[in-house]
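Examination of the molecular architecture
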Amino acid sequence: MQLEKFVSFVSNGLVNAAGQLLQSLSVVLISLIIVPTQGIEVWGKFVSVIILPGLLIQLVSGGNTSYLLREFSFHPQQIKQAWQENYTTRLIVYGLLTLVLMLSIPVEISLKFSILFWATGNFLYQPFLVLIIFKRKFFLSLCLEISTLVPTLAYIYFSTPPLNELLIVTGISNYCKTILASFFFREIAFNNMKVSWRPSLFVEAFPFFTLSIIGILASRVGLYLAVLLLPDRELGLYQLINSFFSTLQVMAFFFIQPFIKHLYRIPSNKMRTVANKMFVFGSLFLLPGTALIWCVLELYFKLNISLTLLTAGYLMGLPYYYYAIYMNRITENGQRMIIRISLISIVTNLILSFVLINAMDVLGALLANVITQWGLLLFHFFYNEHKKLTQTSNV
């Protein structure tokens, strides 16, 4: 029985990780087709038109999953009501904010409709992710990703769609996932569904919203500024390098995730040893990863990538392998500290990005991330060293 539980735990974890990784890699996979066939300028334009709608979706959906998981756990008899109220309330807010955004962005009307189509498909699928997690339907999630991503990639490869059509095609994949998820979760999603307007849920979910948005801004503030300051070609290049190395960076979490519960059993004065080992592992793991990224950018995309840009990407991805251990072992006081240091890193990255992008274009954008990431590493090093000394002196 214990073996069966262990196998089930491991298999669910692997399937969940595969689904999450595939979802995060979908944009990278699309770029593998767009850049060689249509050029990096088209990719940069695609990134520039989806960045604001993507931010709007994150703002409306921020903290949604964590908030609902708490509500489902505390009130399991009200899962359907809580999900439906959350869905319709956020949908109304999304509609109002999207209307403002569509009236504000200075693009032609046909492109506005394409952006709206893409964004709405993305938004409609987001609330189903919490049902997948709560019901542990990880294999379903993986199947949804594969069954919609493969036809999308095939269509893009064989038809080389222009920007408007590219938005429509990638949007359709999200509508398909929404329809399929609606069928599998129909008892919760649409059984006696009523349109509800409960704005108080935004107040209740605000702590989760804060953590979610801070995390998003901390990882993407450089990209948001790059959209404003870089032309399409340089923006496309920066987004590719940033997304590839960010994927390697996120791999640290997948390595740590199976052992998170054990982190709380490790004495605080031993955590530095674990973090050091992860840092050494990361420094080695990123070497073949960087070589693979060079092969894609240089040999496949033919972008003539300099060693300086690759080195900056490597240095950007490495620090997280050290401080990920501390980020995944935090107490209530630690959460407040993480919020404060994350806000400082956002402001720092914003200032550095503005200065360095104007001075060095793509390299400047990467260097801003490098400096911010190593600043976070130094903070966690000295902060936890201070905690260790304090605990030692109290013994």
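Looking now at the overall build of the protein. The helix and strand inventory of the protein stands at 17 helices and zero strands. For the protein, buried positions account for 47% of its 395 residues. Sequence-distant contacts in the protein: of pairs separated by 6 or more residues, those separated by 24 or more amount to 83%. Accessible area for the protein stands at about 19800 Å²; split by element, carbon and sulfur atoms hold 69% of it.

Below, the discussion takes up the packing of helix 2 (residues 40–61) against helix 5 (residues 109–125). At a closest axis distance of 10 Å, the pairing of helix 2 and helix 5 adopts a crossing angle of 35 degrees. Crossing geometry of helix 2 relative to helix 5 is assigned as right-handed. For the pair formed by helix 2 and helix 5, the contact residues are Val 49, Ile 50, Pro 53, Gly 54, Ile 57, Val 60 and Ser 61 on the first element and Leu 111, Ile 115, Trp 118, Ala 119, Asn 122 and Phe 123 on the second. Split into classes, the residues belonging to the contact of helix 2 with helix 5 amount to 10 nonpolar, three polar and no charged.

On to the pattern of salt bridges, then. The full count for this structure, using the stated rule, is five salt bridges. Salt-bridge contacts for Arg 233 lead to Glu 41; the nearest nitrogen and oxygen are separated by 3.9 Å. One end of the pair, Arg 233, is in helix 12 (residues 232–256); the other, Glu 41, is in helix 2, and 192 residues separate them in sequence. For Arg 233, a relative accessible area of 34% gives the class partly exposed.

Before going further, it helps to spend a moment on the side chain of Arg 90. Within the secondary structure layout, Arg 90 lies in helix 4 (residues 79–104). No salt bridge is formed by the buried Arg 90. Its closest oppositely charged neighbour is Glu 204, at 8.8 Å. Of note is the side chain of Arg 90, whose polar atom sits 2.4 Å from the backbone oxygen of Val 60.

Side chains of Val 347, Leu 350, Ile 351, Phe 354 and Val 355 sit close together on the surface and give an oily, nonpolar patch of about 460 Å² of accessible area. Mapped onto the fold, Val 355 is located in helix 17 (residues 332–394). Since its relative accessible area comes to 48%, Val 355 is described here as partly exposed.

Once that is clear, we can look at helix 2. Side chains that are three or four residues apart share a direction in an α-helix, a result of its 3.6 residues per turn. Its 22 residues give helix 2 an end-to-end C-alpha distance of 30 Å, which sits within 8% of 32 Å, the value for a rise of 1.5 Å per residue. Along helix 2, the sharpest change in direction is near 35 degrees and occurs at Ile 51; proline Pro 53 comes one to four residues later. Burial within helix 2 is extensive, with 16 of its 22 residues counted as buried.

What follows covers the packing of aromatic side chains. Taken as a whole, this structure holds 18 aromatic pairs when the rule is applied. Aromatic side chains Phe 279 and Trp 374 sit 6.1 Å apart centroid to centroid with 85 degrees between the ring planes, which places their arrangement in the edge-to-face category. Separated by 95 residues along the polypeptide, Phe 279 in helix 14 (residues 271–300) and Trp 374 in helix 17 bring together distant segments of the chain. In this structure Phe 279 comes out as partly exposed when scored by relative accessible area, which is 23%. Exposure remark for Trp 374: the relative accessible area of 27% places this residue in the partly exposed category. Of the aromatic side chains, those joined through ring pairs into one cluster are Trp 83, Tyr 87 and Phe 128.

Let us now look at the environment of Thr 148. In this fold, Thr 148 is placed in helix 7 (residues 138–159). C-alpha separation for the pair Thr 148 and Asn 174, spaced 26 residues apart in sequence, amounts to 7.7 Å. Once residues within four sequence positions are removed from consideration, Thr 148 is found in contact with Ser 173, Cys 176 and Lys 177. Within the structure, the side chain of Thr 148 is placed 2.7 Å from the backbone oxygen of Leu 144, a separation counted as a polar contact.

For the rest of this paragraph, the subject is the environment of Tyr 320. Mapping Tyr 320 onto the fold places it in helix 16 (residues 319–327). For Tyr 320 and Gln 373, which are 53 residues apart along the polypeptide, the C-alpha to C-alpha distance reads 7.3 Å.

For the rest of this paragraph, the subject is the environment of Gly 364. The residue Gly 364 is located in helix 17 in this model. Contact partners of Gly 364, with chain neighbours within four places excluded, come to Leu 356 and Ile 357.

We now examine the side chain of Lys 177. By the secondary structure assignment, Lys 177 is in helix 8 (residues 163–184). In this structure Lys 177 touches Tyr 125, Leu 144, Glu 145 and Thr 148, once residues within four positions along its chain are discounted.

So, about the packing of helix 2 against helix 11 (residues 206–229). Direction vectors running N to C along helix 2 and helix 11 enclose 165 degrees, while the axes themselves pass 11 Å from each other. Classified by the interaxial angle, the pair formed by helix 2 and helix 11 is roughly antiparallel. The two elements helix 2 and helix 11 cross, and the hand of that crossing is left-handed. Each of Val 47, Ser 48, Ile 51, Leu 55, Gln 58 and Leu 59 in helix 2 lies in contact with helix 11, whose residues at this interface are Phe 209, Ile 213, Ile 216, Arg 220, Leu 223, Tyr 224 and Val 227. Looking at the contact of helix 2 with helix 11 residue by residue, the class counts come to 10 nonpolar, two polar and one charged.

Analysis parameters
- Residues numbered from 1 in each chain as written.
- Predicted model: local features only at pLDDT ≥ 70, side-chain atom pairs only at ≥ 80, totals over all residues.
- Heavy atoms only, no water.
- Helix = DSSP H or I, 4+ residues; strand = E, 2+ residues; numbered from the N terminus.
- Buried < 20%, exposed > 50% of the residue type's maximum accessible area, 1.4 Å probe, protein only.
- Contact = heavy atoms within 4.5 Å.
- Areas by Shrake-Rupley, 256 points an atom, 1.4 Å probe, with all protein chains shown as cover.
- Axes fitted to C-alpha atoms, helices over the stretch in contact; angles between N-to-C directions.
- Left-handed = near helix turned anticlockwise from the far one by under 90°.
- Nonpolar A, V, L, I, M, F, W, Y, C, P; charged D, E, K, R; others polar.
- Salt bridge = Lys/Arg side-chain N within 4 Å of Asp/Glu carboxyl O.
- Lys, Arg positive; Asp, Glu negative; His and termini not counted.
- Polar contact = N/O pair within 3.5 Å; in protein donor to acceptor, adjacent residues only side chain to side chain.
- Patch = residues over 30% accessible without salt bridge, like charges linked within 9 Å, V, L, I, M, F, W, Y side chains within 5 Å.
- Expected span 1.5 Å × (residues − 1).
- Bend = angle between axes of the 7 residues up to and from the residue.
- Phe/Tyr/Trp six-rings, centres within 6.5 Å; stacked < 30°, edge-to-face > 60°.
- Parallel < 35°, antiparallel > 145°, perpendicular 65-115°, else oblique.

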